[in-house]
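Breakdown of the fold
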Amino acid sequence: MRERQLFSGLLLILAFVSLQKLCYCDDQTVLYESFDEPFDGRWIVSKNAEYEGVWKHAKSEGHEDYGLLVSEKARKYGIVKELDEPLNLKDGTIVLQYEVRFQEGLECGGAYLKYLRPQEAGWTPQGFDSESPYSIMFGPDKCGSTNKVHFILKHKNPKSGQYVEHHLKFPPSVPYDKLSHVYTAILKPDNEVRILVDGEEKKKANLLSAEDFDPSLIPAKTIPDPEDKKPEDWDERAKIPDPNASKPDDWDEDAPMEIEDEEAEKPEGWLDDEPEEVDDPEATKPEDWDDEEDGMWEAPKIDNPKCEAGPGCGEWKRPMKRNPAYKGKWSVPLIDNPAYKGIWKPRDIPNPDYFELDRPDFEPIAAIGIEIWTMQDGILFDNVLIAKDEKVAETYRQTTWKPKFDVEKEKQKAEEEAAGSKDGLKSYQKIVFDLLKKVADISFLSAYKSKITELIEKAEQQPNITIGVLVSIVVVFLSLFFKLIFGGKKAAPVVEKKKKKPEVGESSKSEDETEKKEETAAPRKRQPRRDN
């Protein structure tokens, strides 16, 4: 009897704890869409004539789990899910999360979500299009040079009344495979925003920082005066030709850059009468050669072996040397400009649109919209979540996304191993590609990110060029590394030597004469005879 009472009490405690967890999740979950059931009636497809793409309720490949499928290529798609009531983004933590899978791989397609403002802003679900006003746009987008997980905040300037798009700088790149991935954006009350891909933090930023968003949420205090004009007598030339300079009388512009070395003597044993090339004694006339159609057959030429044994063959000529009298084309030297005032710029004035704020003035979210124009089909959306607690999002990742991802990963690994038996570089390539994608996300490489990503994608599609791509990217990386460490100082003297400006009394050398020097100074090469 006592044991039965103890067991009943334990069940009661477990039930209470489960109920507490359920209530906690329900209280912290604003919206959750699993697509387990058909979306008709819950999601509203745009009836805008431009949006012809057909949405389908379909299974994720290899799973029994359903999602919202982009079924056709080269179409515009629009669909909306309204919230029960608008969500205020100004209070507490807000978590935006959803899964997307590029089942046909990622070539050119967007898969981002728009978190829409209330319909009072001037839109309807049936007329949903690219102009429908949103508060936040979030998610992956890859096509051409674009490869990023967008996070865009559309914020109203309280002074001008205009809504401005503020883009996250240096966003993470999009995973390039056919697996399910989960994207998470966490907005905190202290203005921090974190972007997670598959539960791993890829970017942390501050909503009010000019270093993290472009343009900055808070405008500059001053702006250039649009009414200010550069004075007519403003001289921006730092250097000017010396008006008192004149070409020296002994300056010979016609003197050649190089002259024959009169002191040079012909090497002993030079074979003047031997040609540099002779007929190949081992060559024979092809049996099918027709003198009437093909012409008279001549043996191909080879280097004369006598020339290789001796100092040289043929007509001997004196080598060239630098002409001590050469000065090149004379030009007027430059001097400091006494009237130089610097580079003109308009004066700064107070920015009439400047404002300060401690927290972004978020517009409330009233609906979720998917509005994309994609060249790709097979894009599957699933498990769309808006929550007020990070733990809720983590729970959904572990229970809905992680099991699918693990199965897909194992399948991908098996396929790669099978392919690896035919191509020994396959597993090696995968490691290299994953590493290079992480390198591309480094902030100081942002200017080269699109190019690096493009090279990686080409290598993934053409495995035979993996080594070449790897070398190219490593060269770029090392060049930037040494430039950061040494500031490019080693290379500078060479450049300056070629482009050095003349001092007073000196002259610059023409490009034609430089080319002439290079051609003349080059060692004479034997001219092989072309076969007819």
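Rules of the game
- Along each chain, residues carry numbers from 1 onward, in the same order as the chain's sequence is written.
- Two thresholds apply to this predicted model, a pLDDT of at least 70 for residue-level local features and 80 or more for giving and counting side-chain atom pairs, whereas whole-chain, interface and lining totals are computed over all residues.
- Remark: hydrogens and water are excluded; side-chain values derive from all non-hydrogen atoms of the structure.
- UniProt positions are given in the numbering used here, feature names are shortened, and annotations may be inferred rather than shown by experiment.
- For the purposes of this entry, the term helix denotes a DSSP run of H or I that reaches at least four residues, the term strand denotes a run of E that reaches at least two, and both are numbered from the N terminus.
- A contact between two residues is defined here by any heavy atoms of the two lying within 4.5 Å.
- The rule for pairing is simple: two strands pair if DSSP sees at least two bridges between them.
- Burial classes: relative accessible area under 20% of the type maximum marks a residue as buried, over 50% as exposed, and values in between as partly exposed (1.4 Å probe, protein chains only).
- Between rings of Phe, Tyr and Trp, where Trp is taken as its six-membered ring, a pair exists when centres lie within 6.5 Å; planes separated by under 30 degrees are stacked, by over 60 edge-to-face, and by other angles tilted.
- Note on disulfides: each one is a pair of cysteine sulfur atoms within 2.5 Å.
- Counted charges follow a simple rule, with Lys and Arg positive, Asp and Glu negative, and His plus the chain ends left uncounted.
- One speaks of a salt bridge when a side-chain nitrogen belonging to Lys or Arg is within 4 Å of a carboxyl oxygen belonging to Asp or Glu.

An unreviewed UniProt entry annotates the chain as Calnexin homolog of Microthlaspi erraticum. Under the UniProt heading Sequence similarities (unreviewed entry), the entry covering the chain gives this text: "Belongs to the calreticulin family." In its Subcellular location (unreviewed entry) section, the UniProt entry covering the chain states "Endoplasmic reticulum membrane".

Tracing the backbone through its elements, the reader meets phenylalanine 381 in strand 25 (residues 379–387). Beyond its immediate chain neighbours, meaning those up to four positions away, phenylalanine 381 contacts Phe35, Trp55, Gly67, Leu68, Val70, Tyr98, Glu99, Val100, Ala111, Leu113, Ile370 and Ile372.

The subject of this paragraph is the pairing of strand 14 (residues 200–206). Where a strand is regular, its side chains alternate between the two sheet faces. As defined by bridge partners, strand 13 (residues 192–197) adjoins strand 14 across six bridges and the pair is classed as antiparallel. Looking across to strand 14, one finds that arginine 194 is bridged to lysine 204. Counted between consecutive antiparallel strands, the loop separating strand 13 from strand 14 contains two residues, among which aspartate 198 sits at a positive phi close to 60°.

Turning our attention to the pairing of strand 9 (residues 134–143). Summarising burial for strand 9: nine of the ten residues are buried, a large majority. Both strand 7 (residues 109–110) and strand 9 contribute to a ladder of two bridges, which runs antiparallel. Note on strand 9: the bridge partner recorded for glycine 110 is aspartate 141. One ladder, built from four bridges, connects strand 8 (residues 113–116) with strand 9; its direction is antiparallel. Bridging across to strand 9, leucine 116 finds its partner in tyrosine 134. Pairing of strand 9 with strand 10 (residues 146–156) involves eight bridges; the strand directions are antiparallel. Within strand 10, the residue paired with isoleucine 136 across the bridge is leucine 153. Remark: two residues form the turn of the hairpin made by strand 9 and strand 10, two consecutive strands paired antiparallel; glycine 144 in that turn has positive phi of roughly 65°.

With that settled, consider the packing of aromatic side chains. Two measures describe an aromatic ring pair: the distance that separates the ring centres and the angle between the ring planes. Applying the stated rule across the entire model yields eleven aromatic pairs. Ring centres of phenylalanine 35 and tryptophan 43 lie 5.4 Å apart, and the angle between their planes is 35°; on these two criteria the pair is classed as tilted. The class of phenylalanine 35 is buried, set by a relative accessible area of 0%. Under the relative-accessibility criterion, tryptophan 43 is labelled buried at 4%. Aromatic pair tyrosine 98 and tyrosine 183: ring centres 6.2 Å apart, planes at 35°, arrangement tilted. Of the two residues, tyrosine 98 sits in strand 6 (residues 94–102) while tyrosine 183 sits in strand 12 (residues 180–187), which places them 85 residues apart along the sequence.

Let's shift gears to the state of the cysteines. Here the structure, examined in full by the defined rule, presents two disulfides. Residue pairing for cysteine 307: its cysteine sulfur links by disulfide to cysteine 313, the two sulfurs lying 1.8 Å apart. Its S-S torsion of approximately -120° makes the covalent link between cysteine 307 and cysteine 313 left-handed. With respect to burial, cysteine 307 and cysteine 313 carry one shared label: buried. Here the chain pairs its bonded cysteines, counted in sequence order, in the arrangement 1-2, 3-4.

Here we take up the side chain of aspartate 389. Mapping aspartate 389 onto the fold places it in the loop between strand 25 and helix 4 (390–420). Of the buried charged residues, aspartate 389 lacks a salt bridge, with lysine 391 as the closest side chain of opposite charge at 5.9 Å.

Bringing the side chain of asparagine 383 into the picture now. Along the chain, the position of asparagine 383 falls in strand 25. With a relative accessible area of 7%, asparagine 383 lands in the buried category. Once residues lying within four places of it in the same chain are set aside, the contact partners of asparagine 383 are Tyr32, Glu33, Ser34, Phe35, Asp65, Gln97, Tyr98, Glu99, Thr400 and Lys404.

To continue, consider the environment of glutamate 260. With respect to the element layout, glutamate 260 can be found in strand 18 (residues 258–260). Among the residues examined, glutamate 260 registers a relative accessible area of 38% and is labelled partly exposed. Expressed as a C-alpha distance, the spacing of glutamate 260 and lysine 321, which sit 61 residues apart in the sequence, is 6.0 Å. Setting aside chain neighbours within four positions, we find glutamate 260 in contact with Arg318, Pro319, Met320 and Lys321.

Time to look at unusual backbone geometry. Here the residue pair aspartate 214 and proline 215 is connected by a cis peptide bond, since its omega of -10° sits within 30 degrees of zero. In the Ramachandran plot, alanine 74 falls in the positive-phi region, its phi being about 50° despite a non-glycine side chain. For alanine 74, the location among the structural elements is in the loop between strand 4 (66–70) and strand 5 (75–87). The exposure class assigned to alanine 74 is partly exposed, which follows from its relative accessible area of 38%. If you check the backbone angles, asparagine 191 has positive phi at about 75° while not being a glycine. Within the secondary structure layout, asparagine 191 lies in the loop between strand 12 and strand 13.

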